[in-house]
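What follows is the residue order along each chain.
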There are 4 protein chains.
Amino acid sequence: MTITQESVSLEDAQRVIAAGQAKADEIGSPSNVAVVDAGGNLVSHIRMDHAWVGSVDISMNKAVTARAFYIATKDLAENAQPGEQFYGIQNSNHARVMIFAGGIPLRQDGQVVGAVGVSGGSGEQDQTVAEAAAATF
Amino acid sequence: MTITQESVSLEDAQRVIAAGQAKADEIGSPSNVAVVDAGGNLVSHIRMDHAWVGSVDISMNKAVTARAFYIATKDLAENAQPGEQFYGIQNSNHARVMIFAGGIPLRQDGQVVGAVGVSGGSGEQDQTVAEAAAATF
Amino acid sequence: MTITQESVSLEDAQRVIAAGQAKADEIGSPSNVAVVDAGGNLVSHIRMDHAWVGSVDISMNKAVTARAFYIATKDLAENAQPGEQFYGIQNSNHARVMIFAGGIPLRQDGQVVGAVGVSGGSGEQDQTVAEAAAATF
Amino acid sequence: MTITQESVSLEDAQRVIAAGQAKADEIGSPSNVAVVDAGGNLVSHIRMDHAWVGSVDISMNKAVTARAFYIATKDLAENAQPGEQFYGIQNSNHARVMIFAGGIPLRQDGQVVGAVGVSGGSGEQDQTVAEAAAATF
């Protein structure tokens, strides 16, 4: 018996990304926005003009992280501080685990079918953009 | 005296990618399409539904390669064969150099301002999609 | 519509590096000094006689980091501590993100056009050398 | 009884690089030029304006290779072709071995004390620049 897995399509990803871009424009925080599918593999990415180059990788990894652990990276962050139960998790998975705000799972009927990751501003800005992006899903 | 460098914008990249996607649909070759800017940094990427997951990385690296050496990866391929002048170049740059068809520089007034990389089909298909993408720039 | 980007030339980079070298000599801190361009790609590097070999890479990565995030690595360091908004950023970008003092963006008319990175001494020494280097730009 | 090892100084490296730059200008081949010391560690590097970005890494690795095996990379290339005695050597040393022209050992009294690596043009151009650079040592 195989498993049936729902997953974001390219069309889904582009709608989510466009919503993130609109919010980023609105709050003046040029961002990288990335969406991964149910397998944790990249579906689409944009870097807005003048967004940080170093955030290309971070946006993708926030999405990977949110998908991999079924959790917003903001929430994972709390558990990954020194002394907490997941301290050190950021060194796993070939350093693809990001433990600060901006990554959010995309759910359908309660099931995680992908994730969005945003990077380019402060933690608060990235979270705001990611929430707007995820809300369109 | 600084150097002035033109570079692709997100709008440019999305137009190039959309043209690649249309051609890929037309020839029935689900593709990854990536665009990098003048500095070789990713601007945007799409993976079409059912396109190879292993080609996410390859599409980006074809674009990086075309940008880094001002050359279509198809042409670099000829120089990178055993006995040729650049044999072994594929081992440089932390294995980000791709030496098969599908990467094409984007030029403006003769200057390289970015590049597009396509991966997902045969060498011929990837090249066809990349040429259609680059032609819109 | 492409984006126009100013970037440091080799002549700029060599002037910045020479100023760093002079300051390093003055304070007795043999240093590595590296300059990257607007795309984050290396323009020039020196390792002064008897400077740490392990700092070749660090000097380059401090410059890459300052360029990638438009910020002095010293300031990024504060945001990358446990409990802060960018804790864990040092694991991104294939470990090329350096979060201690010595990397400074190079700006022209308010725009980041490159960066300098210094490594070889204490954090205070590296910062002093980097500031002297950046001041000549 | 320790071993005494002569090695290039920063001043040596800069003289070698300047000679390479002059030759590269003369033949119209914007180049990356790198010098490593007796330990195979980078001493200095330049990327001339408009030289290939992908050649930063290659110039350094050609120097590393020439130093590591006491041989010009052009000569190593012949031995690294399919069927030859060193075929596959390019996969060793974390892919830092370059097997095409442009890397030359720097010798003093018959002893290898460093190496120069050049990348940015054709194999013939890189070799011409590297020979001019090494000749000043």
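Chain A appears in an unreviewed UniProt entry as Heme-binding protein from Sphingobium tyrosinilyticum.

Participant: For the packing of helix H1 (residues 10–27) of chain C against helix H4 (residues 123–135) of chain C, give the residues involved together with the corresponding values.
Facilitator: Residues and elements named next belong to chain C. Here H1 crosses H4 at 140 degrees, and the two axes come no closer than 7 Å. Taken together, the axes of H1 and H4 lie oblique to each other. Seen from above, H1 lies across H4 with right-handed handedness. The segment H1 lies against H4, with Val16, Ala19, Gly20, Lys23, Ala24 and Ile27 engaging Gln125, Thr128, Val129, Ala132 and Ala133. Grouping the constituent residues of the contact of H1 with H4 by class yields seven nonpolar, three polar and one charged.

Participant: Could you give me a rundown of the relation of the copies chain C and chain A, with the residues and numbers involved?
Facilitator: Taken as rigid bodies, chain C and chain A are interconverted by a rotation of 91 degrees and an axial shift of 0.9 Å, the fit giving an RMSD of 0.2 Å. Both copies are brought into coincidence by an operation consistent with a four-fold rotation axis. The two copies present different faces, since only 19% of the interface residues in chain C are matched by interface residues at the equivalent positions in chain A.

Participant: If you had to explain the sheet that holds strand E2 (residues 42–47) of chain A to someone new, which residues and values would you point to?
Facilitator: Strands sit in the order E3(A)-E4(A)-E1(A)-E2(A)-E3(B)-E2(B)-E5(B)-E4(B) across an open sheet of eight strands; the sheet is antiparallel. Edge strands, defined here as strands with exactly one partner in the open sheet, are strand E3 (103–108) of chain A together with strand E4 (103–108) of chain B. Across this sheet, the average inter-strand angle for adjacent strands is 20 degrees, counted without regard to direction. Relative to strand E3 (residues 42–47) of chain B, E2(A) runs antiparallel, the two being bridged by three bridges. Paired with His45(A) across the two strands is His45(B), which belongs to E3(B). This element, helix H1 (residues 10–27) of chain A, spans strand E1 (32–37), E2, E3 and strand E4 (111–119) of chain A together with E3 of chain B of the sheet and lies at about 25 degrees to E2(A). Sheet contacts for helix H4 (residues 123–135) of chain B: E4 and strand E5 (111–119) of chain B; angle to E5(B), the most-contacted strand, approximately 145 degrees.

Participant: I'd love a proper account of empty space enclosed by the protein, names of residues and values included.
Facilitator: By the definition in use, this model includes one cavity of 30 Å³ or more. There is about 30 Å³ of room inside the largest cavity. Lining the largest cavity, in full, are Phe69(B), Phe86(B), Ile89(B), Trp52(D), Ser55(D), Ile58(D), Lys62(D), Phe100(D), Ser119(D), Gly120(D), Gly121(D) and Asp126(D). Element by element, the count of residues in the lining of the largest cavity is highest for helix H2 (residues 55–69) of chain D, at three residues. Considered class by class, the residues forming the lining of the largest cavity number six nonpolar, four polar and two charged.

Participant: Explain the interface of chain C and chain A residue by residue, including any values.
Facilitator: At the interface, 16 residues of chain C touch 22 residues of chain A. For the interface between chain C and chain A, the tally reads zero salt bridges. Across the chain C-chain A interface, the total number found is seven residue pairs in polar contact (both at pLDDT 80 or more). Its residues assigned to classes, the side of chain C that touches chain A comprises eight nonpolar, seven polar and one charged.

Participant: Give a description of the interface of chain A and chain B that names residues and reports values.
Facilitator: Of the residues lining the interface, 17 residues belong to chain A; the matching set on chain B comes to 17 residues. Between Asp37(A) and Arg47(B) there is a salt bridge, and its shortest N-O distance comes to 2.8 Å. Remark: the boundary between chain A and chain B carries 13 residue pairs in polar contact (both at pLDDT 80 or more). Of all the secondary-structure elements, those providing two or more residues to the side of chain A that touches chain B are H1, E2 and helix H2 (55–69) of chain A. If you tally residues by element for the side of chain A that touches chain B, the top one is E2(A), at six residues.

Participant: Lay out the layout of surface pockets in plain terms, naming residues and giving numbers.
Facilitator: Estimated volume of the second largest pocket: approximately 560 Å³. Taken together, 40 residues line the second largest pocket, and the ones lying closest to its centre are Gln5(B), Gly39(B), Gln5(C), Ala38(C) and Gly39(C). Every element with two or more residues in the lining of the second largest pocket is listed here: strand E1 (3–7) of chain B together with strand E1 (3–7) and strand E5 (111–119) of chain C. Classifying every residue of the lining of the second largest pocket gives 19 nonpolar, 13 polar and eight charged.

Participant: Before we move on, can you summarise the side chain of Arg67(A) with the specific residues and values?
Facilitator: Residues and elements named next belong to chain A. Its place among the elements puts Arg67 in helix H2. Notably, Arg67 is buried but unbridged: the nearest opposite-charge side chain belongs to Asp37, and the N-O separation is 6.4 Å. When sequence neighbours within four positions are dropped, the list of residues in contact with Arg67 reads Val36, Asp37, Ala38, Gly39, Gly40, Val112, Gly114 and Ala115.

Participant: Kindly report on the packing of aromatic side chains, identifying the contributing residues and their values.
Facilitator: In the structure shown here, the tally under the stated rule is six aromatic pairs over all chains. When the ring of Phe86(B) is compared with that of Trp52(D), the centres are 6.4 Å apart and the planes differ by 75 degrees; the resulting orientation is edge-to-face. Of this pair, Phe86(B) sits in the loop between helix H3 (73–79) and E4 while Trp52(D) sits in the loop between strand E2 (42–47) and H2, which puts the two residues in different chains. Judged by relative accessible area, Phe86(B) falls into the buried class, the value being 7%.

Participant: Quick one: what's the story with the pattern of salt bridges, residue by residue and with numbers?
Facilitator: Residues and elements named next belong to chain A. With the rule as written, the count across this model stands at 16 salt bridges over all chains. Salt-bridge contacts for Glu26 lead to Lys23; the nearest nitrogen and oxygen are separated by 3.3 Å. Taken together, the positions of Glu26 and Lys23, both in helix H1 and three residues apart, correspond to about one turn of that helix.

The rules behind each value
Residues take numbers from 1 onward in each chain, read along the sequence in its written order. All chains are assigned letters beginning with A, and all ligands numbers beginning with 1, in the order in which they are written. Residues qualify for local features only when their pLDDT is at least 70, as the model is predicted, and side-chain atom pairs are given and counted only at 80 or more; totals for whole chains, interfaces and linings, by contrast, use all residues. Only hydrogens and water are set aside when side-chain values are computed; all heavy atoms of the structure are taken into account. Here the axes come from fitting lines to C-alpha atoms, over the contacting stretch only for helices, and the angles between their N-to-C directions go from 0 to 180 degrees. Helix and strand assignments follow DSSP, with helices taken as H or I runs no shorter than four residues and strands as E runs no shorter than two, numbered in order from the N terminus. For classification purposes, angles smaller than 35 degrees are called roughly parallel, those larger than 145 roughly antiparallel, those between 65 and 115 roughly perpendicular, and all remaining angles oblique. Should the near helix be turned counterclockwise from the far one by less than a right angle, the crossing is left-handed, whereas a clockwise turn marks it as right-handed. Whether two residues touch is decided by their heavy atoms; if any such pair falls within 4.5 Å, the residues are in contact. Each residue receives one of three labels: charged for Asp, Glu, Lys and Arg, nonpolar for Ala, Val, Leu, Ile, Met, Phe, Trp, Tyr, Cys and Pro, and polar for the others, Gly being one of them. Fitting of the copies onto one another was done by least squares over C-alpha atoms, counting residues only where both copies have pLDDT of at least 70. Pairing between two strands requires that DSSP report at least two bridges joining them. Here a cavity denotes grid points, spaced 1 Å and computed from the protein atoms alone, that fit a 1.4 Å probe unable to get out, and a pocket denotes an open set having protein on both sides within 12 Å along at least 5 of 7 lines; residues with an atom within 4 Å of a point are the lining. Grid points are joined across faces, edges and corners, and a volume is the space filled by probe spheres set on the points. Any Lys or Arg side-chain nitrogen located within 4 Å of an Asp or Glu carboxyl oxygen qualifies as a salt bridge. Polar contact is defined as a pair of N or O atoms within 3.5 Å, subject to the rule that within protein one atom must be able to donate a hydrogen and the other to accept it, and that residues adjacent in sequence are counted only when both atoms are side-chain atoms. Note on exposure labels: buried denotes an accessible area under 20% of the residue type's maximum, exposed denotes more than 50%, and partly exposed covers the range between, all computed with a 1.4 Å probe on protein chains only. Counting rule applied: Lys, Arg positive; Asp, Glu negative; His and chain ends not counted. Side-chain rings of Phe, Tyr and Trp (the six-membered ring for Trp) are treated as a pair once their centres are within 6.5 Å; stacked means planes under 30 degrees apart, edge-to-face means over 60, and tilted covers the remaining angles.

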